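# Architecture at a glance
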Amino acid sequence: MAKLVLAGRAGCPQYARAELLADYLQANLPAFSVHKVVQHPDKWEQWLHDVCEMNGWEHKWSPIIWRELLDRGGKGLLLGGLNEFLEHVQHYYGITSTIPTEEMLGIAKENLEAYTESEKEQEEIRSLINPLQIWITSASAPTCYQLIPLLASGDVFGMTTEISIHLLDDVQFKECLSDIVMEVEDMAFPLLRGISGHTEMDKAFLQADVIIVLDDILFKRGTETLENCIRTVCEICQVYAPLIEKNAKSGVRIISTGKTFVNLKAMMIITYGPSIKPENVIAVATSWESAAKAMLARKLNMNTAGVKDVIVWGNITGCIYIDLSHAKLHRCDSAIWGPASFSRPLLNLIYDSKWINSEFMSAQSSLSSRVCHCAGMLPAHAVATALRYWFHGSPPGEIVSMGILSKGQFHIPEGIVFSMPVRSQNGSWEVVTELELNEKTQEVLERLSYDLIQEKRIGLKEIREMHPYRPDKITTGKDMCQGGFFSP
């Protein structure tokens with residue numbers, strides 16, 4: 001069976017003549033079929049160049065005609081343009097085109113009008129489909145691989161919300177991005193409108209609704225100074241922030257996550273993007289929160305879901321303080337029972353205060369190692385959870401921890417991104433300011449604030465003296481963490 005592909009520029013008279021002849025052959029020859037490809041005049045040259053480059057052909061005009069080798073597979077057999085097609089038809093079928101020039105020009109005009117009308121209809125259809133545009137930076141990281149199925153499943157944004165995912169990374173990871181795109185497409189998620197890989201920085205964040213910043217900076221004591229790492233973080237954010245302002249939607253929501261400098265990344269994006277709404281930039285602390293809940297649940301021999309209101313304060317990937325003074329337990333096996341909403345203070349049920357003050361605090365170093373060196377499932381789950389809370393609200397009555405820009409709450413200095421207790425409602429975060437803090441906790445917050453102030457000071461100082469942005473000088477560390485815990 002012969003299958004010809006006939007491609008041409010809309011409005012081209014020669015394409016119109018070839019089209020009429022191909023239609024005649026298809027109508028009169030049962031073993032002949034033709035597939036037509038029409039391109040807008042403005043897009044024709046680039047499309048023709050790409051097709052020829054992919055197949056190793058030489059052809060520079062409209063139309064281009066080739067035969068698909070259905071019987072053998074492989075790339076098509078190029079016939080050429082109109083003249084070569086006429087010779088082919090004359091030789092094989094003994095048929096010659098005798099269409100008058102005037103009629104050929106009329107058909108070419110009709111082709112252009114029909115193509116324009118079709119494109120307009122398609123554009124109207126596309127305008128009715130408005131998926132959330134999600135951009136993920138450093139998309140070759142394992143966290144991204146684990147995160148994509150969570151985003152595309154419908155559990156995060158809802159079962160009626162379609163999404164488009166855009167993966168951004170350096171050109172050296174282009175093949176990795178292509179592999180991820182192909183694998184995700186094969187999974188055929190019903191809510192995933194499209195997925196694509198990007199390595200061109202100037203086109204990053206186009207029409208973004210959500211941006212997930214996964215970039216991590218390698219910091220190895222003895223081989224790299226903290227100041228240089230902070231400067232590199234600032235360089236990245238100084239590139240990202242103007243692009244977000246230029247290309248993303250005005251209400252874009254930005255999530256900073258990863259294993260290093262999570263608070264600093266969020267803070268610098270706000271600093272270098274003055275038109276970016278500060279309340280729309282958060283740093284994810286959910287990994288530490290859920291890991292601490294799991295440790296407590298094991299101690300109490302209960303389900304982790306019953307541990308609520310564990311607060312993570314401070315620098316999420318630096319020095320943090322896990323506050324149990326407001327934590328509650330639901331469905332805990334004890335002498336007192338109540339409905340599902342009934343809770344009891346966690347510290348009242350852990351009678352072993354020595355465990356809290358010694359083993360729990362000392363065990364947090366191993367917890368830090370697990371969180372920072374995980375394969376990507378835990379941070380991916382943390383990002384998905386934060387997004388779900390942001391879009392649909394956090395569980396009623398519960399406190400969650402999130403790094404947000406301080407406005408002086410709890411006497412935390414303004415202008416730094418600090419992990420603190422929040423609730424989410426109607427698409428926005430609200431700090432739980434009604435909590436009462438004891439004197440020791442307040443002292444801890446002051447010392448944790450100092451660390452973040454120093455990071456910001458170093459970053460702003462280094463950035464004034466830094467060299468122009470050099471992507472080739474940035475080392476991403478996907479297997480490192482500088483996390484720690486603060487014990488009051």
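Described below are features of the structure shown in this document. Worth saying up front: this structure is predicted, and the values here are computed from it rather than measured. (Residues numbered from 1 in each chain as written. Predicted model: local features only at pLDDT ≥ 70, side-chain atom pairs only at ≥ 80, totals over all residues. Heavy atoms only, no water.)

## What to know about unusual backbone geometry
- A cis amide bond, omega 0 degrees, links Ser62 with the succeeding residue Pro63.
- With respect to the helices and strands, the residue Pro63 is situated in the loop between helix H2 (41-55) and strand S3 (64-68).
- One non-glycine residue with positive phi stands out, namely Phe261, at about 50 degrees.
- With respect to the helices and strands, the residue Phe261 is situated in the loop between strand S9 (253-256) and helix H8 (262-272).
- Despite not being glycine, Asn301 shows a phi value in the positive range, around 55 degrees.
- By the secondary structure assignment, Asn301 is in the loop between helix H9 (286-300) and strand S11 (307-308).
- According to the relative accessible area criterion, Asn301 is exposed, its value standing at 73%. (Helix = DSSP H or I, 4+ residues; strand = E, 2+ residues; numbered from the N terminus. Buried < 20%, exposed > 50% of the residue type's maximum accessible area, 1.4 Å probe, protein only.)

## A short note on the packing of helix H7 (residues 226-247) against H8
- Following both chains from N to C, one finds H7 and H8 inclined at 45 degrees, their axes separated by 8 Å at the closest point. Between H7 and H8, the angle is such that the two are oblique. Crossing of H7 against H8: the hand is right-handed. In this structure, H7 contributes Ile230, Val233, Cys234, Cys237, Gln238, Ala241, Pro242, Ile244 and Glu245 to the contact, and H8 contributes Leu264, Lys265, Met268, Ile269 and Tyr272.
- Among the residues making up the contact of H7 with H8, the classes are represented as eleven nonpolar, one polar and two charged. (Axes fitted to C-alpha atoms, helices over the stretch in contact; angles between N-to-C directions. Parallel < 35°, antiparallel > 145°, perpendicular 65-115°, else oblique. Left-handed = near helix turned anticlockwise from the far one by under 90°. Contact = heavy atoms within 4.5 Å. Nonpolar A, V, L, I, M, F, W, Y, C, P; charged D, E, K, R; others polar.)

## What about the environment of Thr101?
- As for its position among the elements, Thr101 is in helix H4 (residues 101-128).
- Judged by its relative accessible area of 52%, Thr101 is exposed.
- A C-alpha to C-alpha distance of 9.0 Å links Thr101 and Arg17, two positions 84 residues apart in sequence.

## What about the sheet that holds strand S15 (residues 343-345)?
- Within the open sheet, the three strands sit side by side as S11-S14-S15. Their pairing is antiparallel. Here the strands that pair on one side only, and so sit at the sheet edges, are S11 and S15.
- Across two bridges, S11 lies against strand S14 (residues 328-330) in antiparallel orientation. Note that in S14 the partner of Lys308 across the bridge is Lys328. (Pairing = 2+ DSSP bridges.)

## Brief notes about the pairing of strand S12 (residues 311-314)
- Pairing of S12 with strand S13 (residues 319-323) involves four bridges; the strand directions are antiparallel. Directly across from Val312, in S13, lies its bridge partner Ile322.
- Between S12 and S13, which pair antiparallel one after the other, the connecting turn spans four residues.

## Overview of helix H6 (residues 174-187)
- Its 14 residues give H6 an end-to-end C-alpha distance of 20 Å, which sits within 8% of 20 Å, the value for a rise of 1.5 Å per residue.
- Residues Leu177, Ile180, Val181 and Val184 constitute the buried set of H6. The buried side chains of H6 occupy one side of the element, clustering within an arc of 100 degrees when seen end-on. H6 presents Glu175 and Asp186 as exposed residues on the side facing more than 90 degrees away from its buried surface.
- Looking at the buried side of H6, the elements it contacts are helix H5 (142-152), strand S6 (163-168) and strand S7 (192-198).
- Just beyond H6, the residue with positive phi is Ala188, at close to 55 degrees. (Expected span 1.5 Å × (residues − 1). Arc of directions from axis to C-beta.)

## A closer look at the packing of H9 against helix H12 (residues 377-392)
- As a packed pair, H9 and H12 sit with axes 8 Å apart at the nearest point and diverge in direction by 110 degrees. For the element pair H9 / H12, the angle class is roughly perpendicular. Across the interface between the two elements, Thr286, Ser287 and Ser290 of H9 pack against Leu378, Pro379, Ala382, Thr385 and Ala386 of H12.
- Split by residue class, the contact of H9 with H12 holds four nonpolar, four polar and no charged.

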